[in-house]
Amino acid sequence: MKRIVCGVIALFMALRVAADDGARRAITLTEAVALARTQSVDAAVALNELKKSYWEYRTFRADLLPEVNFSSTLPSYTKNYNSYQKSDGSYTFLRNNFLDMEGTLSVGQNIWFTGGRLSLSTSLDYMKQFGGDREHRFMSVPLALTLEQPIFGVNNFKWNRRIEPVRYAEAKARFLSATEEVTMLTIDHFFNLLLAKERLLTAEQNLSNAERLYEVAKAKRQMGQISENDLLQMEQNVLETRAERTENASMLKSKMFTLRSFLGLDTDEELDPVLPDHLPEISLVYDDVLDKALTNNAFAKTIRRRQLEADYEVAKARGNRRQIMLFARVGMTGTDRDLRGAYNPVKPDQVFQLGLNIPILDWGKRKGKVRVAESNREVVRSRLRQEEQNFRQNIFILVEHFNNQQQQLQLAEQADRIARRRYETNVQAFIIGKISTLDLNDSETRKDAARQRLINEMFSYWYYYYQIRSLTLWDYARNAALDADFERIVRGQK
């Protein structure tokens, strides 16, 4: 009997060693997370979203800076007929045949606090006629200062200065949250593979034990120590464990393919997931978690941005009720047949325009647009209040689940140790004939269930942990905020 027990234990250890040796690459959860954050498609999508928002923000910032432009027509040649009205009111056609070239250099600056635009420019035109007196002339504008200023209308630059920084802050927070969500997906795939691996190892161990115990049962049956029914039960156990091993082997390949694809690894690389042996022991307080979430999460920025955008729509609707545009230009200009004469002497060049567009009777159309914008703003505010309430509730439930999960994990570890010891004891007891096959099968089922529960509870612990990190953008293991060098990330620097 002792030799049989030793043989069972030796076979058990051999199967585990063989399973370990067959794996080509052991991978921990930390390694899988690191690979996912750099190589997965989800990480690439999050990075591209960040790049898009980054360059949108850079474009907004560029609108607030001076802009230097050069525009030119080199050359423009015209040879055609144009209609011409004579002094008696009749029309005729005149032949045009000339060459025109012009160039303008300007420096423009948007004025964010007024919504206008100020520009300083210099230009030179050259025209040569090929018909008539065949003369050519130059026209210069050495310096011109131009102001375009809307009056009473909405100041788009001012509103963009309020909205765009919030939008970019929201995008950065979303990127950090998306990175944590990539980690959560990695945890899901990793523990699915780990559970499949444990199920296969368990099936192989159970099959080995079932075959060994079946041989013992046949010997006992010959000695009349057990019934025919017990022997058939043991044979059926062998068949069932063989089918279970085949099914679990197929499931392991499927889960391994999924994880490999997600991490961007070669399809022929076998992975051996390692059960995490270190878990951060953290006790969370709802008020603290909520405060960090409302401060760091993209949700808070989203609320602020949507409020500003709703206010912006109301301001635009009100500004469009009347439109007044001021255009003013002051400068000097000159013209002559030679280039030097076009600059000396020069004469004043002044333009002043005030355009008005004020509705006298529009049957309340513009006023109605204002009311619609105001109503939409109230709808947005109501929805935001509801979303914030749901956000707080989800945070509360998640904190409760995480704090409870630590105790659940401890209980699962104890249950796993007890179930394993009970099964090993029952194997020895069955060999010496002290328990029946029903008791042995029950202990085996409980052992397998306890192991799977342990892995599932560990998965839930890690998943809740990173879910909280994704909401708070806070690393509770280091007690520091999650942050990144976004400039370097966008530019692809290491």
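Keep in mind it's a predicted model, so treat the numbers as computed, not measured.

A. Up close: the side chain of Asn206. The topology assignment puts Asn206 in helix H4 (residues 156-222). For Asn206, the side chain forms a polar contact with the side chain of Glu444, separated by 3.4 Å. In this structure Asn206 touches Thr241, Tyr423, Glu444, Lys447 and Asp448, once residues within four positions along its chain are discounted.

B. Spotlight on a nonpolar patch on the surface. A cluster of nonpolar side chains, contributed by Val68, Phe70, Leu105, Val107, Leu118, Leu120, Leu143, Leu145 and Val330, occupies part of the molecular surface with about 800 Å² of accessible area. Those elements that provide at least two residues to the nonpolar patch are strand E2 (67-85), strand E3 (91-111), strand E4 (116-129) and strand E5 (136-151). Mapped onto the elements of the fold, Val330 is located in strand E7 (residues 323-336).

C. Local environment of the sheet that holds E7. Taken in spatial order, the six strands line up as E2-E3-E4-E5-E7-E8 in an open sheet, and their pairing is antiparallel. A single partner strand is all that each edge strand has here, and the edge strands are E2 and strand E8 (347-357). The average angle at which neighbouring strand axes cross in this sheet is 20 degrees, direction not considered. Here twelve bridges tie E5 to E7, and the two strands are oriented antiparallel to one another. Along E7, the bridge assignment pairs Leu145 with Val330.

D. Representation of the pattern of salt bridges in the model. Scanning the entire structure with this criterion turns up 35 salt bridges. Residue Lys52 is joined to Glu56 by a salt bridge in which the shortest nitrogen-to-oxygen separation is 3.1 Å. Of this pair, Lys52 and Glu56 both sit in helix H3 (residues 41-63), separated by four residues, roughly a single helical turn. Residue classification places Lys52 among the partly exposed positions, given a relative accessible area of 47%. The residue Asp311 makes a salt bridge to Arg377 at a minimum N-O spacing of 3.3 Å. Taken together, the positions of Asp311 in helix H7 (residues 298-319) and Arg377 in helix H9 (residues 365-431) put the pair 66 residues apart, joining distant regions of the chain. Connected through shared salt-bridge partners, Glu164, Arg167, Glu170, Arg174, Arg305 and Glu309 make up one network.

E. Representation of the packing of aromatic side chains. On inspection of all chains with the given rule, the structure shows 20 aromatic pairs. Ring geometry for Tyr286 versus Phe396: centroids 5.3 Å apart, planes at 80 degrees, classification edge-to-face. One end of the pair, Tyr286, is in helix H6 (residues 286-296); the other, Phe396, is in helix H9, with 110 residues separating them in the sequence. Ring geometry for Trp462 against Tyr466: centres 6.2 Å apart, planes inclined by 25 degrees, an arrangement best described as stacked. Of this pair, Trp462 and Tyr466 both sit in helix H10 (residues 437-472), four residues apart, roughly one helical turn. Residue Tyr466 is classed as buried on the basis of its relative accessible area, which comes to 13%.

F. Spotlight on the packing of H4 against H9. Close contact between H4 and H9 brings their axes to 10 Å; oriented N to C, the two are set at 20 degrees. One way to sum up the angle between H4 and H9 is to call them roughly parallel. At the point where H4 passes H9, the crossing takes the left-handed sense. Across from Asn206, Asn209, Leu213, Val216 and Lys220 in H4, the residues of H9 making contact are Tyr423, Val427, Phe430 and Ile431. Its residues placed into classes, the contact of H4 with H9 shows six nonpolar, two polar and one charged.

G. Structural context of unusual backbone geometry. With omega at -15 degrees, the peptide bond leading from Leu74 into Pro75 counts as cis. Locating Pro75 in the fold gives a position in strand E2. Between Asn344 and Pro345 the backbone carries a cis peptide bond, its omega angle lying at 5 degrees. Take Pro345: it is sitting in the loop between helix H8 (339-343) and E8. Although it is not a glycine, Leu473 sits at a positive phi angle of roughly 50 degrees. Along the polypeptide, Leu473 turns up in the loop between H10 and strand E9 (474-475). Using a relative accessible area of 3% as the deciding quantity, one classes Leu473 as buried. Although it is not a glycine, Asn479 adopts a positive phi angle of roughly 55 degrees. Take Asn479: it is sitting in the loop between E9 and strand E10 (480-481).

H. How the structure looks around the nonpolar core. Ranked by size, the top nonpolar core spans 50 residues in total, and within it Phe190, Phe191, Leu263, Leu284, Ile395, Trp462 and Tyr476 carry the most contacts. Those elements giving two or more residues to this core turn out to be helix H2 (29-39), H4, helix H5 (228-263), H6, H7, H9 and H10. The biggest single contributor to this core is H4, with ten residues. For Phe191, the contacting residues outside a window of four places in its chain are Leu29, Pro276, Ile455, Met458, Phe459 and Trp462.

Calculation rules
Residues numbered from 1 in each chain as written. Predicted model: local features only at pLDDT ≥ 70, side-chain atom pairs only at ≥ 80, totals over all residues. Heavy atoms only, no water. Helix = DSSP H or I, 4+ residues; strand = E, 2+ residues; numbered from the N terminus. Polar contact = N/O pair within 3.5 Å; in protein donor to acceptor, adjacent residues only side chain to side chain. Contact = heavy atoms within 4.5 Å. Patch = residues over 30% accessible without salt bridge, like charges linked within 9 Å, V, L, I, M, F, W, Y side chains within 5 Å. Areas by Shrake-Rupley, 256 points an atom, 1.4 Å probe, with all protein chains shown as cover. Salt bridge = Lys/Arg side-chain N within 4 Å of Asp/Glu carboxyl O. Pairing = 2+ DSSP bridges. Axes fitted to C-alpha atoms, helices over the stretch in contact; angles between N-to-C directions. Buried < 20%, exposed > 50% of the residue type's maximum accessible area, 1.4 Å probe, protein only. Phe/Tyr/Trp six-rings, centres within 6.5 Å; stacked < 30°, edge-to-face > 60°. Parallel < 35°, antiparallel > 145°, perpendicular 65-115°, else oblique. Left-handed = near helix turned anticlockwise from the far one by under 90°. Nonpolar A, V, L, I, M, F, W, Y, C, P; charged D, E, K, R; others polar. Core = buried A, V, L, I, M, F, W, Y, C linked by side-chain atoms within 4.5 Å.

Purely geometric numbers; function is a separate question.
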